[in-house]
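Here's the letter readout for the chains.
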Amino acid sequence: MENLRGLNEPQRRAVLHKDGPLLIVAGAGAGKTKTITHRIINLIKSGVDPKEILAITFTNKAAKEMRERVYGLLGAPKTGINVEFPDYEGPLIKTFHALGVQIIKEQARHLGLTKYFSILDESESVSLIREVLRDEGLDPKQFEPRRMKYLISRYKGDFITEKTFAGNASGYFPKTLSKIWNRYEEKLKKERALDFDDLILKTVHLLKEHKEIRDNYQKRWHYIHVDEYQDTNTTQYELTKILAGTHNNICVVGDSDQNIYGWRGANIQNILNFEKDYPNTTVILLEENYRSTKNILDSANQVIKKNKERIDKTLFTNKKVGEKLGLFEAYDEADEAQFVTSKIKSLTEMGVKTEKIAVLYRANFQSRVLEETLLSAKIPYQVLGVRFFERREVKDVLAYLRLALNPEGLSDLKRIINVPPRGIGKVGLLKILSGKEGDLPDKTKEKLKDFNLFIKKIVESTKNEAPSAVIKKIIKESGIEKMLRAGTEEDKERLENAYELATLAVRYDALPRGEGIENLLEDAALFSSDEASEKGSTGVKLMTVHAAKGLEFSHVFITGLEQDLFPHIRLGEIGMSKEDSEEERRLFYVALTRAEEKLYLSYTMMRTKFGSRQINTPSEFIFDIPPELMEKEERAETGKAVYWE
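Values in this document were obtained by computation on a predicted structure and should not be read as measured data. All residue numbers refer to position in the chain's written sequence, counted from 1. The predicted nature of this model means local features are confined to residues of pLDDT at least 70 and side-chain atom pairs, given and counted, to a pLDDT of 80 or more, with totals for whole chains, interfaces and linings taken over all residues. The basis for every side-chain value is the complete set of non-hydrogen atoms in the structure, without hydrogens or water.

Engineer: What is the right way to read a negative patch on the surface from this model?
Structural biologist: The patch calculation keeps residues exceeding 30% relative accessible area without a salt bridge and links them within 9 Å when they carry like charges or within 5 Å when they are nonpolar (Val, Leu, Ile, Met, Phe, Trp, Tyr). A 1.4 Å probe and the Shrake-Rupley method give the accessible areas. Residues count as covered only by the protein chains that appear here. When a carboxyl oxygen of Asp or Glu lies within 4 Å of a side-chain nitrogen of Lys or Arg, that pair is called a salt bridge. Charged residues are defined narrowly, with Lys and Arg counted positive, Asp and Glu counted negative, and His plus the chain ends left uncounted. The atom standing in for a charge is NZ when the residue is Lys, CZ when it is Arg, CG when it is Asp and CD when it is Glu. On the surface, Glu-515, Glu-518, Glu-522 and Asp-523 cluster together into a negatively charged patch. Here the term buried applies to any residue with accessible area under 20% of the maximum for its type, exposed to any over 50%, and partly exposed to those in between, with areas from a 1.4 Å probe on protein chains only. The class for Glu-518 is exposed, based on a relative accessible area of 51%.

Okay, here's the thing in structure tokens:
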């Protein structure tokens, strides 16, 4: 059979399986997309109507890739547009959210909507919550809008509605959140709008509450496929369970070892309990890896087997043994960055293309020194995500500093007068900018007075204190630290980025007072300009490990392998739960399995974090890799560690 050509034995079994629940445990680089694609083709060739097949993915990119592969094999016309093929009635391949939109549009009247309902993105949802706070007279500092949206989103992902939450709310904060959520839902209803979480939550409730609608979709799709099942939250789990209905022809593909989004609501128990949820499940392990060398896979297998919450499997390959993993002990982050840069230079001189090289790190703040060193060495690079000096929190702190030195800097004033929120609205800001401060309400005058006093305090600090101390003062005393600490997991990472600016400022501390601050601002502006000129170019990829999931590179550097950095303990937290510890190990496993040919691991003996020098312990993950699979990387003769006192 032509559609079985090029498949290994477990892949063939997965493709040929037809009726009943199927769990495909697909290890990293084991060809899961190819397997799902060929399974769908085989169902069609065995007589299943293409319109009775549904495949659900998490990302538009994954849906587009699967759609083009399936439709291409079926002889449909190729298109670069990320939509269904309008003239070809084939399987339905959509993301969870796109599927929700389709069902809601088809059943809009049952939800009091039209098919032209609005979908609010993240920023629009946060703005609506900000309106609620204003209407209710609630302090946005205490009930930070993004934090409120994050909590509501998490509850919706856990299949908890506003009414259910309100019925269980006790205590001041939960009751206030309940009031905010209730008013938020009222505003959504008034606008005939849904937020992203509603696209799945409302769909599930619709299917649960209306038997005729539920029966319709269960009859429409007889064969259901779910990609990346380990990343499903409770609401997504409920949706797939309902759609599988009584026929139970559900095929899920996933890997418990790559569950790295627990902080976003992904529930690893969904994949671990699949066999309990669906009796008589067929389980197929895809363990043959087509990406990495044997040494890389042996290292990854040794690391991940320490986890308890997993489906046991062992990756293997028929590829070569390959090189040992390189391990580099750096003096500090500057020395580490110098090692990475010099090694990349050597690789490119040997013919390795820069776009086949990736530098991974656990936290965003680590990119700053790496970017700086690569830029200095004229090595092209791209940061997947936001570059250091383009990050909002970094720009906010620098704006405070610039405004203190240049009171006429209206752009800086506009940027930070409400960071953190001070309740100075657009009308109030216009009066301030036009010199009509006397027309402000007394409450706003008082807030403006406090703001101006703080700016004056910064002015004095720039004359008498080291740049790193001034940066720390801005972060702490402006309220930025308090705001970000009280926020989401992403906000806590933003706080780490802000403090990385204090780390950078340490190098200017030895300069005369005033001069150090000026040089810091000048260098930051010039570096931002250099960053901008690099945009769009090909080059070495810099990214967090989370951003690297699903990608592969010939050569990979995993940096910052120090205890409390990777595995990561967030700023202000003490210790780590068993669940978090296992997720960190899974994250390291994902990092290891991005590499095709060569892995470099590095850690620093000392790292300047938040403006203070810290002595480090190497990450426990390093000791999980058998010594015979690693070799020590020597320092390049031209490289040297730089200490900034």
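Read on, since the account is not over.
Engineer: Whenever I open this one, the domain arrangement of the protein chain confuses me. Can you help?
Structural biologist: By a widespread convention, an interface's size corresponds to the accessible area lost as its parts come together. Segmenting the protein chain into domains produces domain 1 (2-104 + 207-288), domain 2 (119-191), domain 3 (325-386 + 536-632) and domain 4 (390-529). Note: domain ranges come from an automatic or database domain assignment. Using only C-alpha atoms to locate each centre, domain 3 and domain 4 end up separated by 31 Å. Facing 21 residues of domain 3, the contacting portion of domain 4 comprises 18 residues. What gets called buried area is simply the loss in accessible area from a 1.4 Å probe that two parts show on being joined, summed for both. Around 1900 Å² of area is buried between domain 3 and domain 4 when both sides are counted, 50% of it from carbon and sulfur atoms. Where domain 3 touches domain 4, the interface holds two salt bridges. As a salt-bridge pair, Arg-507 and Glu-372 come within 2.9 Å of each other at their nearest N and O atoms. Pairing of N or O atoms within 3.5 Å defines a polar contact, subject to two protein rules: one partner must be a possible hydrogen donor and the other a possible acceptor, and residues neighboring in sequence count only if both atoms are side-chain atoms. Scanning the region where domain 3 abuts domain 4 turns up eight residue pairs in polar contact (both at pLDDT 80 or more). Contributing elements (two or more residues each) for the side of domain 3 that touches domain 4: helix 16 (367-376) and strand 15 (606-609). The dominant element in the side of domain 3 that touches domain 4, judged by the number of residues it contributes, is helix 16, at five residues. Counted by class, the side of domain 3 that touches domain 4 contains seven nonpolar, seven polar and seven charged residues. Contacts between residues were defined by any pair of non-hydrogen atoms, one from each residue, lying within 4.5 Å. By definition, any uninterrupted DSSP run of H or I lasting at least four residues is a helix, any uninterrupted run of E lasting at least two residues is a strand, and each is numbered from the N terminus. Each residue is assigned to one class: nonpolar for Ala, Val, Leu, Ile, Met, Phe, Trp, Tyr, Cys and Pro, charged for Asp, Glu, Lys and Arg, and polar for all the others, Gly among them.

Engineer: Explain the nonpolar core to me, please; I cannot follow it from the model alone.
Structural biologist: Most often, soluble globular proteins have nonpolar side chains that are buried together. The criterion is simple. A nonpolar core is a set of buried Ala, Val, Leu, Ile, Met, Phe, Trp, Tyr and Cys residues joined through side-chain atoms within 4.5 Å. Counting 43 residues, the largest nonpolar core has Tyr-400, Leu-401, Phe-451, Ile-458, Ile-471 and Leu-501 as its most contacted members. Contributions of two or more residues to this core are made by helix 17 (392-405), helix 18 (410-416), helix 19 (426-433), helix 20 (442-464), helix 21 (467-477), helix 22 (480-485), helix 23 (489-505) and helix 24 (515-534). Of the residues forming this core, the biggest block, eight residues, is contributed by helix 17. For Ile-458, the contacting residues outside a window of four places in its chain are Tyr-400, Leu-401, Ala-404, Val-470 and Ile-474. In terms of nonpolar packing, the next biggest core, distinct from the first, is built from 36 residues, Leu-561, Phe-588, Ala-595 and Ile-622 among them.

Engineer: Help me understand the environment of Gln-107 in this model?
Structural biologist: When you line up the elements, Gln-107 lands in the loop between helix 4 (96-106) and strand 4 (118-120). On a C-alpha basis, the gap between Gln-107 and Leu-206 in space is 8.5 Å, while along the polypeptide they are 99 residues apart. Apart from the residues lying within four places of it in its own chain, the contact partners of Gln-107 are Leu-206, Ile-213, Asn-216 and Tyr-217.

Engineer: Just to check I follow, could you spell out unusual backbone geometry for this structure?
Structural biologist: For residues other than glycine, phi is negative in most cases, and the peptide bonds are mostly trans. In this model, Val-419 is joined to Pro-420 through a cis peptide bond whose omega is -5°. Looking at where Pro-420 falls in the secondary structure, it is placed in the loop between helix 18 and helix 19. Of note, the amide linkage connecting Phe-566 to Pro-567 takes the cis form, showing an omega dihedral of 15°. Counting through the fold element by element, Pro-567 comes out in the loop between strand 13 (553-558) and helix 26 (578-592). In this model, Glu-228 sits at a positive phi of 50°, which is unusual for a non-glycine residue. Within the fold, Glu-228 resides in the loop between strand 6 (223-226) and helix 11 (234-244). Of note, Lys-378 is a non-glycine position whose phi angle comes to about 60°, a positive value. Position of Lys-378 relative to the elements: it lies in the loop between helix 16 and strand 11 (381-383). Lys-378 sits in the exposed class, given a relative accessible area of 72%.

Engineer: Help me out: how do you make sense of the sheet that holds strand 11 in this one?
Structural biologist: To summarise the sheet geometry, strands pair through backbone hydrogen bonds and adopt either a parallel or an antiparallel arrangement. What makes two strands pair is DSSP finding at least two bridges between them. Taking strand neighbours across the sheet as the criterion, the seven strands line up as 11-12-10-13-14-9-17 in an open arrangement whose pairing is parallel. Looking at which strands have only one partner, the edges of the open sheet turn out to be strand 11 and strand 17 (630-632). Sheet twist, expressed as the mean angle between neighbouring strand axes with direction ignored, is 25°. Two elements, strand 9 (residues 325-330) and strand 17, share three bridges in a ladder whose sense is parallel. Fitting a line to C-alpha atoms yields each axis, with helices limited to the stretch in contact; the angle taken between N-to-C directions then spans 0 to 180 degrees.

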